[in-house]
Amino acid sequence: MYGIPEFRLPKEIVQKEIGHLKEMGVKIVTNFVVGRSDSIDSIMEQGYEAVFIGSGAGLPNFMGLPGENCKGVYSANEFLTRINLMKAYREESDTPVQHPKRCVVVGGGNVAMDAARCARRLGAEVHIVYRRSMEELPARKEEVEHAQEEGIVFDLLCNPVKVIGNEEGWCTQIECIRMELGEPDASGRRRPVPIEGSNFTIDIDCMIMAIGTSPNPLIRHTTEGLEVNRKGCFICDEEGMTSRENIYAGGDAVSGAATVINAMGAGKKAAAAIDAKMKNRS
Ligand SMILES: Cc1cc2nc3c(=O)[nH]c(=O)nc-3n(C[C@H](O)[C@H](O)[C@H](O)COP(=O)(O)OP(=O)(O)OC[C@H]3O[C@@H](n4cnc5c(N)ncnc54)[C@H](O)[C@@H]3O)c2cc1C
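Rules used in this analysis
- Residues numbered from 1 in each chain as written.
- Predicted model: local features only at pLDDT ≥ 70, side-chain atom pairs only at ≥ 80, totals over all residues.
- Heavy atoms only, no water.
- Salt bridge = Lys/Arg side-chain N within 4 Å of Asp/Glu carboxyl O.
- Helix = DSSP H or I, 4+ residues; strand = E, 2+ residues; numbered from the N terminus.
- Buried < 20%, exposed > 50% of the residue type's maximum accessible area, 1.4 Å probe, protein only.
- Domains from an automatic or database assignment.
- Near = heavy atom within 4 Å.
- Polar contact = N/O pair within 3.5 Å; in protein donor to acceptor, adjacent residues only side chain to side chain.
- Nonpolar A, V, L, I, M, F, W, Y, C, P; charged D, E, K, R; others polar.

Next up on the list: the pattern of salt bridges. As a working rule, side chains carrying opposite charge can pair if their charged atoms are close by. The final tally for this structure, using the stated rule, is 14 salt bridges. With a shortest N-O distance of 2.7 Å, Arg82 and Glu78 are connected by a salt bridge. Separated by four residues within a single helix, Arg82 and Glu78 lie in helix H3 (residues 76-85), roughly one turn from each other. The exposure class assigned to Arg82 is partly exposed, which follows from its relative accessible area of 23%. Between Lys277 and Glu245 there is a salt bridge; the shortest N-O distance is 2.5 Å. Here Lys277, found in helix H8 (residues 260-281), pairs with Glu245, found in the loop between helix H6 (218-221) and strand E13 (247-249); they are 32 residues apart in sequence, far enough to count as distant. One salt-bridge network, held together by shared partners, links Arg8, Asp114, Arg117, Arg121, Arg140, Glu142, Glu143 and Glu150.

Its domain assignment divides the protein chain into domain 1 (31-58 + 215-281) and domain 2 (62-211). Spacing between the C-alpha centres of domain 1 and domain 2 amounts to 32 Å.

Within the structure, the ligand sits among 21 residues, and Arg8, Val34, Asp114, Asp252 and Val260 are positioned closest to it. Residue Arg8 places a side-chain N or O atom 2.7 Å away from an oxygen atom belonging to the ligand. Every element with two or more residues in the shell around the ligand is listed here: helix H4 (110-121) and H8. Tallying contributions element by element places H4 first for the shell around the ligand, with three residues. Of the residues that constitute the shell around the ligand, the class distribution is ten nonpolar, seven polar and four charged. The two domains that each donate at least three residues to the shell around the ligand are domain 1 (31-58 + 215-281) and domain 2 (62-211).

The following block contains the structure:
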């Protein structure tokens, strides 16, 4: 709803899926933040025998670059939420989004492609800045081809080092350094190595960071004994059960930012495990 744009996933289709669940009798409680409105332990005290956490990985990562706090610098999540959920591209919107003229999107995944194509639709000249080469781009091949067809420029093997702003605090340039690929790292992908003295700048009035997201720590901070790994993702067994009895988890909250199909598969696996466990117990 808030991430993947309308031109790639019409919201009517998402609403149809939700409609099916309601018809099946699933009750959906909205405007309820687990960990704030109520805790998982309190919810279980109200008679819920099992809980499944599918809270995703909605917290955007930043690079901590000098000047990253300039106006005109967005996380892809904020930029896409404003456009997809708040329709902020409409002039009459209460909180209209800036219509950039020269935009750089940092990152190479599906999120970066979506942010770039949305900025293009707002009329911007858009550059994708990615530290590895075309072969290593993690985005789906189709998304890259569509982005190229729409005139998005790919500045590959380069990495931002600084955002330069003007007196009013708006970003005006991004300084980058060229990279070359060295030995493979732990992920097996060749490590990008900076080429000293190869710095250059790109003029911008908008920059969008799309370098990944992490799980929001709220649920683990408000649920005793819920173990997570170093990336803040819930640790689960093969059926999705966490370190807490009858609390299950799946999707991005366990895998880190991944795919729709991975999340749906995890949900189904956990549902089967919960059902079997409840039946055995009774
Ligand atoms: C821009 C973008 C493009 C993408 N493109 C693709 C693609 O092309 N193909 C693909 O397979 N995947 C794509 N993905 C990834 C895919 O969307 C995710 O992997 C998938 O949505 C993860 O599903 P999930 O159910 O784990 O989490 P999410 O879909 O993130 O859902 C988590 C839900 O939990 C809610 N929530 C979080 N915390 C709480 C809380 N404390 N209390 C109550 N509710 C809470 C959130 O509001 C959210 O509604 C894309 C993601 C983005 C952002």
